[in-house]
Amino acid sequence: MKTLLAVLLVFAAHAHDHPVPTKPTKAQGDLDEARRTLAAAKRAIAAQGRYSCCTKPSCDLCARMNGSCNCAENVKNGRGSCGECYAAWRSGRGGVKGVDAKSVPLLPAEHQACAMPAHAAHPVEQLKVSAESLLRAKRTLVGEGRYACCIRGGCGECAHETSCPCGGDLAAHKGVCGECLDGWRSGRGAFAGIDPNEVTLAVFGGWALGASGQFFGVYTDQTGPRGRDKIFSTNWVMMSAAHRAGPGTITFRSMLSAEPATITGKRYPLLLATGETANGVPIINGQHPHDLFMELSALYRIVIGERTSIQLSGGPRGEPALGPPAYPHRASASENPVAPISHHMQDSTHIATNVITAGITHGPVTWEVSGFHGREPDELRWGIEGGAPDSLSTRLTVNPTSRWSGQFSIGRLNRVEATHPLRPMLKETASLSYTRPLFAGSWASTAIWGRNNELAYTQQPNLPVLPRSGIRPLHIVSVPTRVPNQVYNSYLLESTLHAGRNWFWGRAENADKDSTLFYEESPFVLLIDERRLGRVQAYTAGYERDLTRYAGVGGQFTLNHVPPMLAPIYDANPLGVQLFFRLRFRR
């Protein structure tokens, strides 16, 4: 999905150059009416001094969307223009003298309009008639198989050309129109799950090739009796290649990490974090490195009409339909160099093995179902584990605009942990994300709830457990015993503000933890009957300054809080500090 947006951003500068169909359309009458009434509305608002465009001929987008056009003034002041004017400048149709076409940025819709004078009469009726005529025309074009747009409501620019291939042609050479670009920037994108991260993109032989990456060089110091310090690096590179294939688009995706080499000892210090193992014992107050192969998958998407698409994805390593976007992909966590302490209750399945997912999107709603191998990655971080799909999940995502995204998902994971290979888990998550473009940056926030229900299982007394399929239980629960349900809840709220060369962020977490927090990492922990102990909190605040387009330096501190029973072991409020240097691919 990131590739689709990357293609959109790169090619929108050139606008559409597709041939107009030779067969007449039944929508022509409505298109003529829409054009005539919009022209009348533009003359009316121009007479009020509220229509000053920066291109020749003038744009229609501002009149339709804003009821005014202030692009000429905005371009003169270096603020930018609407998407239609943005594409026109790059096509040589700029109309403001002394302005370099390449210097004109895209201005979000909320900053495009003129202020309404107190005495001005808004030409509501003319704009209303034009909008209704254009909507009827779009519906006719969809019915004729000519119109498959990539923004909600569809673009008017392509409608007046009597065809729109945006939704199904993002990975081809023709690109998308300026109005579609404006729609994405202003929150009307039609595809679920697209995150406008920094992307470097090229086109080669009909393939759209995308890459993005991030490298953190980190020094951390965790206080208290259980605190540790360390120098390490968290890092990842994402690559993709998309191409038209039959009626749809196929995208090959990969995500790689050098963390097996840049995080020594198979862990880095992070107070109150738990999950997976290092050197054969459960990790306590630390976080494991990612595998070299974080994702190897393919996605095939077919767009049907203006509002519907179907997709099938899968591969030896990827993300099933379970959980919110993982923290390396979240704009709200983009500058935080370490994982949340609640990672294993929220988004840890983003590197599952042997995943296959089917989904359908209609309007703002996407429903997906996945089958995958439920076992967590092992400690051999340089390879990919095997295992047939044995776990199932489903996710419902709602994207009312490309700024807002909410999801609820649930999955049953079998044979999840190396230390508890016979115990299944029911995982539930819900999340809500908001991303807002700003004049010189962006603001992104995410709220997440995650629950792990470690399901009970019963073994017959006095009978040994016989491992199946090569499973070798390590935990004491492998002997005859009954383990009750253990339910762990977690809550996370994080937000990142990008303003010019400055980044500010915060994260608040509230998470249930088990009785292993009483102990140091040692083989003895394998004998502990893990039970819910209590709830811990972590509050993080950070700042980063961009030094160049690609590099920055920053730091953050975390105030932790533990229940009274853990205070003698951790201190009541131990601190964590990270100082870091960051490198990143940017668009």
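Residues numbered from 1 in each chain as written. Predicted model: local features only at pLDDT ≥ 70, side-chain atom pairs only at ≥ 80, totals over all residues. Heavy atoms only, no water.

In this section: the packing of aromatic side chains. Scanning the model with the defined rule gives 8 aromatic pairs in all. Aromatic pair Trp505 and Phe580: ring centres 6.1 Å apart, planes at 40°, arrangement tilted. In this pair, Trp505 is assigned in strand β18 (residues 502–514) and Phe580 in strand β21 (residues 575–584), connecting sequence segments 75 residues apart. Taken together through their ring pairs, the aromatic side chains of Phe216, Trp236, Trp505 and Phe580 make up a single cluster. Positioned over the ring face of Tyr86 is Arg90, at 3.8 Å from the centre of the ring. Of note, Arg226 hangs over the ring of Tyr570, and the distance from its end group to the ring centre comes to 5.5 Å. (Phe/Tyr/Trp six-rings, centres within 6.5 Å; stacked < 30°, edge-to-face > 60°. Helix = DSSP H or I, 4+ residues; strand = E, 2+ residues; numbered from the N terminus. Lys NZ or Arg CZ within 6 Å of the ring centre and 35° of its normal.)

Inspection of the entire model under this criterion finds 0 disulfides. No disulfide involves Cys158; its nearest neighbouring cysteine sulfur is the one of Cys155, lying 3.5 Å away. (Disulfide = S-S within 2.5 Å.)

This next bit is on the pairing of β21. Covered by surrounding structure in β21 are Gly576, Gln578, Phe580, Arg582 and Arg584 only, the residues Leu575, Val577, Leu579, Phe581 and Leu583 on the alternate face being uncovered. As judged from the 9 bridges shared by strand β2 (residues 207–222) and β21, these two strands associate in the antiparallel manner. Looking at the pairing, Phe216 lines up with Arg582 of β21. The sheet contact formed by strand β20 (residues 551–561) and β21 spans 9 bridges and is antiparallel. Of the residues in β21, the one forming a bridge with Phe557 is Val577. (Buried < 20%, exposed > 50% of the residue type's maximum accessible area, 1.4 Å probe, protein only. Pairing = 2+ DSSP bridges.)

The terminal C-alpha atoms of helix α2 (residues 28–47) lie 29 Å apart, and with 20 residues this matches the ideal 28 Å at 1.5 Å per residue to within 8%. What α2 keeps buried is the set Asp30, Leu31, Ala34, Thr37, Leu38, Ala40, Ala41, Lys42 and Ile45. Positive backbone phi, approximately 75°, marks Gly49, located one or two places after α2. (Expected span 1.5 Å × (residues − 1).)

A separate point is the pairing of β18. Here 10 bridges tie strand β17 (residues 486–499) to β18, and the two strands are oriented antiparallel to one another. Among the inter-strand pairings, Leu497 is bridged to a residue of β18, identified as Phe504. Hairpin remark: β17 followed by β18, antiparallel, with 2 residues in the connecting loop; positive phi at Gly500, about 65°. Sheet topology places β18 next to strand β19 (residues 532–546); 13 bridges connect them, and they run antiparallel. Looking across to β19, one finds that Trp505 is bridged to Gly542.

Look at the link from Lys56 to Pro57: it is a cis peptide, with omega at -10°. Tracing the chain through its elements places Pro57 in the loop between α2 and α3 (61–66). One non-glycine residue, Asn279, lies in the positive phi region at around 55°. With phi around 60°, Asn285 is a residue other than glycine that occupies positive phi space.

Inspection of the secondary structure assignment puts Ala567 in helix α10 (residues 567–570). Here the alpha-carbon distance between Ala567 and Gly224, two residues 343 residues apart in the chain, equals 9.8 Å. Discounting chain neighbours no more than four positions away, the residues touching Ala567 are Val562 and Ala572. (Contact = heavy atoms within 4.5 Å.)

Attention now moves to the side chain of Arg330. Note that Arg330 resides in the loop between β8 (308–318) and β9 (352–362). Assessed through its relative accessible area of 3%, Arg330 is described here as buried. A polar atom in the side chain of Arg330 sits 3.0 Å from the backbone oxygen of Pro325. Separated by 3.0 Å, the side chains of Arg330 and Asp347 make a polar contact. (Polar contact = N/O pair within 3.5 Å; in protein donor to acceptor, adjacent residues only side chain to side chain.)

Counted residue by residue, helix α5 (residues 83–90) has 7 buried out of 8 residues, so it is predominantly covered. Listing the buried residues of α5 in full gives Gly83, Glu84, Cys85, Tyr86, Ala87, Ala88 and Trp89.

The subject of this paragraph is the confidence of the model for the chain. A residue-level look at the chain finds 83% of positions with pLDDT of 70 or above and a mean pLDDT of 83. By mean pLDDT, the top-scoring element of the chain is helix α9 (residues 259–262) (97), and the lowest-scoring one is helix α1 (residues 2–11) (44). Predicted confidence is poor over residues 1–18, with pLDDT under 50, and the contacts of this stretch with residues over four places away or in other chains come to 69 contacts. In this model residues 192–200 is a low-confidence stretch, pLDDT under 50, and it forms 36 contacts with partners more than four residues away in sequence or in other chains. (pLDDT = per-residue confidence, 0-100.)

Moving on, we get to the nonpolar core. Within the largest apolar cluster, 31 residues are counted, with the highest numbers of intra-cluster contacts made by Tyr268, Leu272, Ile341, Leu517, Leu566 and Tyr570. The element contributing the most residues to this core is strand β5 (residues 268–278), with 5 residues. Residues contacting Leu272, with those up to four places away along its chain left out, are Asn285, Ile341, Lys513, Leu517, Val536, Gln537, Asn560, His561, Val562 and Tyr570. By size, the runner-up hydrophobic cluster in this structure holds 20 residues, among which are Leu38, Cys71, Ala72 and Val75. (Core = buried A, V, L, I, M, F, W, Y, C linked by side-chain atoms within 4.5 Å.)

Another point: the side chain of His344. The topology assignment puts His344 in the loop between β8 and β9. According to the relative accessible area criterion, His344 is buried, its value standing at 11%. Separated by 3.2 Å, the side chains of His344 and His288 make a polar contact. With residues near it in sequence (within four places) discarded, His344 still touches Thr274, Gly275, Glu276, Gln287, His288, Glu376, Lys427 and Asn452.

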